[in-house]
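# Structure at a glance
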Amino acid sequence: PWITPSVFEDTGNDAVIDEYTMGQLLGQETALKILQQHWDTWITEDDFVAIKTAGLNHVRIPLGYWSVPLTSSDTNGSTSVAPYTPGAWPYLLKGLSWANKHSINVILDIHGAPGSQNGYDNSGQRISDPVWALNPANVSRTIDTLRFIVENLGGSVSVIELLNEPAGFRGDNWAQTIRQFWSDGYDAVRQAGGAGIKVMIGDAFLGVESWSDFLTYPRAQGVIMDNHEYQIFSDPELDRSMDEHIEFACTYAKSLFTYQSSNIWTIIGEWSTAMTDCAQWLNGRGVGARWDGTLSSTNSQYHGSCTNYTGSYQGFSDSYKSFLRKYWEVQVGIGENITGWVYWTWKAENADEWSYQMGLQGGWIPEDPGDRQYPGLCT
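What comes next is a walk through the structure. Given the structure is predicted, the values throughout are model-derived calculations rather than measurements.

## Some points on a nonpolar patch on the surface
On the surface, a cluster of nonpolar side chains totalling about 280 Å² of accessible area is made up of Tyr120, Phe169 and Phe205. Its location among the elements puts Tyr120 in the loop between β2 (105–112) and α6 (136–153). Exposure remark for Tyr120: the relative accessible area of 33% places this residue in the partly exposed category.

Right, here's the structure in full:
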């Protein structure tokens, strides 16, 4: 919801907090109308042109399992996606054709799995007790979905990311299921004819060091580790000064480089220039922020006002914009020192500190991603 709050506000129902509740509470017909309007307008060919002009060479496209048109001949399990609203597949195909036309590589990412792999709204369902890893049928359906994607789209995709942010921190059973899933998912991609496609896995919130000697050569080839780096989802992180955010980024530069040098290609596949969690609904629709103490009525720590830290960059101070530039540069440097980086996200309705597009417009992201105003931030 935080990337496009208007889509959720326009439902007129505060209980619609993700795609799951959208389908459940509004019904398929109404939900489809809302989503089609979004799909038709939010990302267009103009965005791919602008991404290319900005010197970027990959896009990461998130996909819910419910948007993949599995048939009963593609799986031994259920093909029902209720209460989710299917219909995004033709738009994905359109996006792939634009990427191809403008010579942009695609990382296709299963962002939402059956039962939810993390309980976050970005999985499609915001829920306190996700069950993806607890039900073998959910896991096997995810593998069948990957197989279908590779068989049908393999030639249009450079990298397939097996699953976004599965919650390895939920316990040993989750961690073990994820480990087995990475292995089985890799095999499914290769068996489906994806010999040339790269396969991306993630650290599952366990840190890259938990994945030493995993899916390395000769057991596997063409595997990439996706590490996500944010410093805003806890009070101790928010306590850091602007300089301390930069300094902390430099510490994981070393750990990621060390991991990659003895394991597999590694990228920072999600990061942003945000130093607060102030963006409207970043923590969920109707949920406040840690930064200004509105997240929780108990144990709230106040770090400051959210005013002019989010929203339109027209209100951003020069010192804040200088920090945004430094923070962008240091994190790009980390990615360039390993296998690469993917910024989250290209655009957001009203959170310019997260928007690559607005960063270009506001001047804290350079037109040429190789430009540096602050070289040597980590030396």
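Having seen it, we continue.
## Topic: the packing of aromatic side chains
Under the definition given, this model contains 29 aromatic pairs. Between Trp346 and Tyr356, the aromatic rings sit 6.0 Å apart at their centres with planes inclined by 25°, giving stacked as the arrangement. Pair noted here: Trp346 is in the loop between β7 (340–341) and α11 (356–362) and Tyr356 is in helix α11, with a separation of ten residues, a long-range link. Like Tyr356, Trp346 is buried. Each member of the aromatic cluster is reached from another via a ring pair, and the members are Trp271, Trp328, Trp341, Tyr343, Trp346 and Tyr356.

## Points about the nonpolar core
A general trend in soluble globular proteins is that nonpolar side chains are found buried together. Counting residues in each nonpolar core, the largest one holds 110 residues, and the members touching the most others are Trp2, Trp182, Trp354 and Tyr356. With eight residues, the single largest contributor to this core is helix α10 (residues 318–337). Counting six residues, the second-largest nonpolar core is a separate cluster that includes Ile107, Val159, Met200 and Ile267.

## A word on the sheet that holds β2
The strands that make up a sheet are held in pairs by hydrogen bonds between backbone atoms, and each pair lies either parallel or antiparallel. Taking strand neighbours across the sheet as the criterion, the seven strands line up as β1-β2-β3-β4-β5-β6-β7 in an open arrangement whose pairing is parallel. The open sheet has two edge strands, β1 (58–64) and β7, and neither has a second partner. Bridge count between β2 and strand β3 (residues 159–161): three bridges; the pairing is parallel. Residue pairing in the sheet places Ile107 in a bridge with Val159 of β3.

## What to know about the state of the cysteines
Per the counting criterion, the structure on display carries two disulfides. Each sulfur of the disulfide joining Cys250 and Cys378 lies 2.0 Å from the other. The disulfide joining Cys250 to Cys378 has a torsion of about -85° about its S-S bond and is therefore left-handed. Residue Cys250 is found in helix α9 (residues 242–262), and its partner Cys378 is found in the segment after α11; the two are separated by 128 residues along the sequence. Owing to a relative accessible area of 41%, Cys378 belongs among the partly exposed residues under this scheme. Covalent S-S linkage joins Cys278 and Cys306, the inter-sulfur distance amounting to 2.0 Å. Between Cys278 and Cys306, the disulfide has an S-S torsion of -75° and is therefore left-handed. A residue pair is termed long-range when its members are at least 10 positions apart, and Cys278 in the loop between β6 (265–270) and α10 and Cys306 in the loop between β6 and α10 qualify at 28 residues. Comparing Cys278 with Cys306, the two get one shared label, buried.

## Describing the pattern of salt bridges
Tallied over the entire structure, the rule returns eleven salt bridges. Residue Asp14 is joined to Arg285 by a salt bridge in which the shortest nitrogen-to-oxygen separation is 3.3 Å. With Asp14 in the loop between α1 (5–9) and α2 (19–26) and Arg285 in the loop between β6 and α10, this pair connects stretches of sequence that are 271 residues apart. The residue Asp277 makes a salt bridge to Arg290 at a minimum N-O spacing of 3.1 Å. In this pair, Asp277 sits in the loop between β6 and α10 while Arg290 sits in the loop between β6 and α10, placing the two residues 13 residues apart along the sequence. The class for Asp277 is buried, based on a relative accessible area of 1%. Three or more residues joined by partner-sharing salt bridges are found here, namely Arg60, Asp109, Glu161, Asp226 and Glu270.

## Things to note about the packing of α6 against helix α7 (residues 172–191)
It is at 9 Å that the axes of α6 and α7 come closest, and there the two elements cross at 25°. Here α6 is positioned roughly parallel relative to α7, judged by the angle of their axes. Crossing hand, α6 versus α7: right-handed. Along the contact surface, α6 presents Val139, Thr142, Ile143, Leu146, Arg147 and Val150, while α7 presents Thr177, Phe181, Asp184, Gly185, Ala188 and Val189.

Analysis parameters
Residues numbered from 1 in each chain as written. Predicted model: local features only at pLDDT ≥ 70, side-chain atom pairs only at ≥ 80, totals over all residues. Heavy atoms only, no water. Patch = residues over 30% accessible without salt bridge, like charges linked within 9 Å, V, L, I, M, F, W, Y side chains within 5 Å. Areas by Shrake-Rupley, 256 points an atom, 1.4 Å probe, with all protein chains shown as cover. Salt bridge = Lys/Arg side-chain N within 4 Å of Asp/Glu carboxyl O. Helix = DSSP H or I, 4+ residues; strand = E, 2+ residues; numbered from the N terminus. Buried < 20%, exposed > 50% of the residue type's maximum accessible area, 1.4 Å probe, protein only. Phe/Tyr/Trp six-rings, centres within 6.5 Å; stacked < 30°, edge-to-face > 60°. Core = buried A, V, L, I, M, F, W, Y, C linked by side-chain atoms within 4.5 Å. Pairing = 2+ DSSP bridges. Disulfide = S-S within 2.5 Å. Axes fitted to C-alpha atoms, helices over the stretch in contact; angles between N-to-C directions. Parallel < 35°, antiparallel > 145°, perpendicular 65-115°, else oblique. Left-handed = near helix turned anticlockwise from the far one by under 90°. Contact = heavy atoms within 4.5 Å.

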